[in-house]
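# Chain and residue survey
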Amino acid sequence: MLNREREPLIFERSVPGKVGMDLPPLDVPEARDTRPEHLRRGPFQALPSVSEVEVIRHFTRLSHDNYGVDDGIYPLGSCTMKHNPRLNERVASLPSFAESHPLSDPLDVQGNLAALFTLQEWLKEITGLAAVTLQPSAGASGELTGVMLIRAHHVALGASRRVILIPDSGHGTNPATAAMAGYEVVELPSAPDGTISFEDVVDHAGRTHPGLLSLVQDLGSEIAGAMITNPNTLGVFEHRIQEIADLLHGTGALLYMDGANMNALVGVARPGDFGVDVMHLNLHKTFSTPHGGGGPGAGPVACTAQLAPFLPRPLVTREGERYHLDWDRPQSIGKVHGFFGNFGIALRALTYCLSHGGDGLRAATLRAIVNANYLRKRLEGTYHLPIPSPTLHEVVFNDANLLPAGIHTLDVAKGLIDRGFHPPTIYFPLIIPGALMIEPTESESKAELDAFVAAMEDIAREAKNDPEALHQAPVRASLRRMDETTAARKPVLRWI
Ligand SMILES: *Cc1c(COP(=O)(O)O)cnc(C)c1O
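Quick caveat, the model's predicted, so the values are computed rather than measured. (Residues numbered from 1 in each chain as written. Predicted model: local features only at pLDDT ≥ 70, side-chain atom pairs only at ≥ 80, totals over all residues. Heavy atoms only, no water.)

## Some points on the overall build of the protein chain
When its secondary structure is counted, the protein chain shows 14 helices and 14 strands. With 496 residues in all, the protein chain has 46% of them scored as buried. Within the protein chain, contacts between residues separated by at least 24 positions form 66% of all contacts whose residues are at least 6 apart in sequence. Averaging the positions of the 43 positive and the 57 negative side-chain charges in the protein chain gives two centres separated by 5 Å. (Helix = DSSP H or I, 4+ residues; strand = E, 2+ residues; numbered from the N terminus. Buried < 20%, exposed > 50% of the residue type's maximum accessible area, 1.4 Å probe, protein only. Contact = heavy atoms within 4.5 Å. Lys, Arg positive; Asp, Glu negative; His and termini not counted. Charge placed at Lys NZ, Arg CZ, Asp CG, Glu CD.)

Below, the structure written as structure tokens:
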């Protein structure tokens, strides 16, 4: 690009005859520029002159500051950051998919509809539920869709129920969803083993928190439903889920399952078989798909036949050899996303399913569980395990062992950055003070897990021998430790 002073571009009015042709004048009255002076464009600013190689080096260096699943283990608990097969990307970028127009006549895009329909069928089989919509664009969007189905169900019965029960270990999106759908949230306390407490719980301050049995008894027909994550955010399977479902159903309430942790269940257990009425899946977690940095996702919702009439429209249906968009759904809650949702994400998930097959998906689940339990076993002597119950695909430690040395969870996370690893999820779930929530997924080899363990052990040693050094971490990253409190309290927002 040449670095030269440029004049503002000016388009002259056409002058008849100037190019030797007898063109009629363009009869436009002189425009009167009424824009205030200070809003008008000034002189053109020349762009800096850089060569292609300089641009490439600039962005390549920036990319080296990044850390992704392609660099190593990315153990963010609850986020399920797994390997994203390149095959998925190839399929999603095939021109016949990528360039098809969302407004095409369904008859012209039968292949697209076949792909969506097939994914719906796979998700029905995986969840054990009767119907699926692929529209919602994320887990939270699926939650809202699902809770709106619950509301539509009660409204259709003429009942007005005001309460949704949510465990205190729930993800923040759960209470936010229930509130957005117009419900009052009532918290379900956790028992010492990390699962939902049926009995009342007395906390350290001597306050009593009614358990599930008291709440169902006291609130009865006020309860619209419960939103439960299974396995929960501690990685513990709610082993009394069927009883919970029966209790809720006994009062006419429904059970919503937050399916973000389905990486622990796919091919092993089906929520529809243990009493769940409606749930979402995070395609961008359980079914691969890159989602670091807020990339696009999808949160399909699966539900029972009883709730199916309320699903968003259109649904993709099949009659004989033909696929259709079924708009004729008078009880539908309406659309929750344009067109079919995030089509490219659905294609990646379908490719993931078809390339693994049912046995492969089950094997991935079992390996994810083995990997998490390997880390748990290797680290349990070094880091404190606040909930000793058996866990599935993730494990939560905390900093209780390290506090006497003045070391907190945040120091451990920063220490991992210096040792070349992405930190796990920290300070969530909220019921575990100083939580370190580790989810390795099935993608990691034993060698990678051992390297992660070695780094965690090294940090624990440094916490004892030289805590001050750990307070300084990270010292090997391009940015040092942020003053997070000041950044949150006094954000300095400016263009650079
Ligand atoms: C990730 C997650 C969600 C929300 O999903 P998004 O796709 O981020 O909206 C909800 N619940 C749990 C347990 C999660 O891990």
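Here the narrative resumes, following the displayed structure.
## Topic: the pattern of salt bridges
On inspection of all chains with the given rule, the structure shows 21 salt bridges. A salt bridge links Glu442 to Lys82; the nearest nitrogen and oxygen atoms lie 2.7 Å apart. Residue Glu442 is located in the loop between strand S14 (435-438) and helix H12 (446-465), and its partner Lys82 is located in the loop between helix H1 (52-64) and helix H2 (86-92); the two are separated by 360 residues in the primary sequence. Note that Arg461 and Asp458 form a salt bridge whose closest N and O atoms lie 3.5 Å from each other. In this pair, Arg461 and Asp458 both sit in helix H12, 3 residues apart, roughly one turn of the helix. Here the salt bridges do not stand alone but share partners, grouping Arg378, Lys446, Asp450 and Glu457 into one network. (Salt bridge = Lys/Arg side-chain N within 4 Å of Asp/Glu carboxyl O.)

## Observations regarding the site of the ligand
Around the ligand, the neighbouring residues are Ser78, Ala138, Gly139, Ala140, Glu143, His171, Thr173, Asp258, Ala260, Asn282, His284 and Lys285. Within the side chain of His284, an N or O atom sits 2.7 Å from an oxygen atom of the ligand. Side-chain polar atom of Lys285 to an oxygen atom of the ligand: 2.8 Å apart, as the coordinates give it. With the chains in place, 86% of the 380 Å² that the ligand exposes on its own is no longer accessible. Those elements giving two or more residues to the shell around the ligand turn out to be helix H5 (139-156) and helix H9 (283-286). Among the elements that make up the shell around the ligand, the one with the highest residue count is H5 (3 residues). Its residues assigned to classes, the shell around the ligand shows 3 nonpolar, 6 polar and 3 charged. (Near = heavy atom within 4 Å. Polar contact = N/O pair within 3.5 Å; in protein donor to acceptor, adjacent residues only side chain to side chain. Areas by Shrake-Rupley, 256 points an atom, 1.4 Å probe, with all protein chains shown as cover. Nonpolar A, V, L, I, M, F, W, Y, C, P; charged D, E, K, R; others polar.)

## A few points about the side chain of Glu444
On the secondary structure map, Glu444 appears in the loop between S14 and H12. As a buried residue without a salt bridge, Glu444 has its nearest oppositely charged side chain in Arg367, at a separation of 7.7 Å.

## Regarding the packing of aromatic side chains
A full pass over the atoms with the stated rule returns 7 aromatic pairs. Each ring, one from Phe237 and one from Phe274, has its centre 5.9 Å from the other, and the planes form 85°; the classification is edge-to-face. Pair noted here: Phe237 is in the loop between strand S6 (223-229) and helix H8 (241-250) and Phe274 is in the loop between strand S7 (254-259) and strand S8 (278-281), with a separation of 37 residues, a long-range link. Since its relative accessible area comes to 9%, Phe274 is described here as buried. A cation over an aromatic ring shows up here: Arg240 above the ring of Phe198, its NZ or CZ 3.6 Å from the ring centre. (Phe/Tyr/Trp six-rings, centres within 6.5 Å; stacked < 30°, edge-to-face > 60°. Lys NZ or Arg CZ within 6 Å of the ring centre and 35° of its normal.)

## A short note on the pairing of S6
Among the 7 residues of S6, 7 are classified as buried, and the element is accordingly described as predominantly covered. Summarising the sheet, strand S2 (residues 163-167) and S6 pair through 3 bridges and their orientation is parallel. Looking at the pairing, Leu165 lines up with Ala226 of S6. The pairing of S6 with S7 spans 5 bridges and is parallel. Looking at S7, one finds that Gly225 is bridged to Leu254. (Pairing = 2+ DSSP bridges.)

## As for the nonpolar core
Residues Leu123, Leu165 and Phe287 are the most contacted members of the largest nonpolar core, which totals 58 residues. The biggest single contributor to this core is helix H10 (residues 343-379), with 10 residues. If we skip the residues at most four places from it in the chain, Leu165 touches Val186, Leu188, Leu212, Leu215, Leu219, Ile223, Gly225, Ala226, Met227 and Leu248. Of all hydrophobic cores here, the second largest spans 27 residues; its members include Tyr67, Ile438, Val453 and Ala463. (Core = buried A, V, L, I, M, F, W, Y, C linked by side-chain atoms within 4.5 Å.)

## Comments concerning the pairing of S2
Here S2 lies mainly inside the structure; 5 of its 5 residues are buried. Burial along S2 is two-sided: Val163, Leu165 and Pro167 and Ile164 and Ile166, pointing in opposite directions, are all buried. Taken together, S2, helix H6 (residues 173-180) and strand S3 (residues 184-188) form a β-α-β motif whose crossover is right-handed. (Right-handed = clockwise from strand over helix to strand, strands pointing away.)

## Points about the sheet that holds S8
Taking strand neighbours across the sheet as the criterion, the 7 strands line up as S1-S9-S8-S7-S6-S2-S3 in an open arrangement whose pairing is mixed. Either end of the sheet is taken by a strand with one partner, and the two such strands are strand S1 (131-133) and S3. Strand-to-strand, the axes of this sheet are offset by a mean angle of 20°, without reference to chain direction. Where S7 lies against S8, 4 bridges are found, and the strand directions are parallel. Counterpart to Met257 in the pairing with S8 is Met279. Set on the sheet, H5 makes contact with S2, S6, S7, S8 and strand S9 (301-303); between it and S7 the angle comes to about 175°. (Axes fitted to C-alpha atoms, helices over the stretch in contact; angles between N-to-C directions.)

Function cannot be read off these values alone, since they describe shape.
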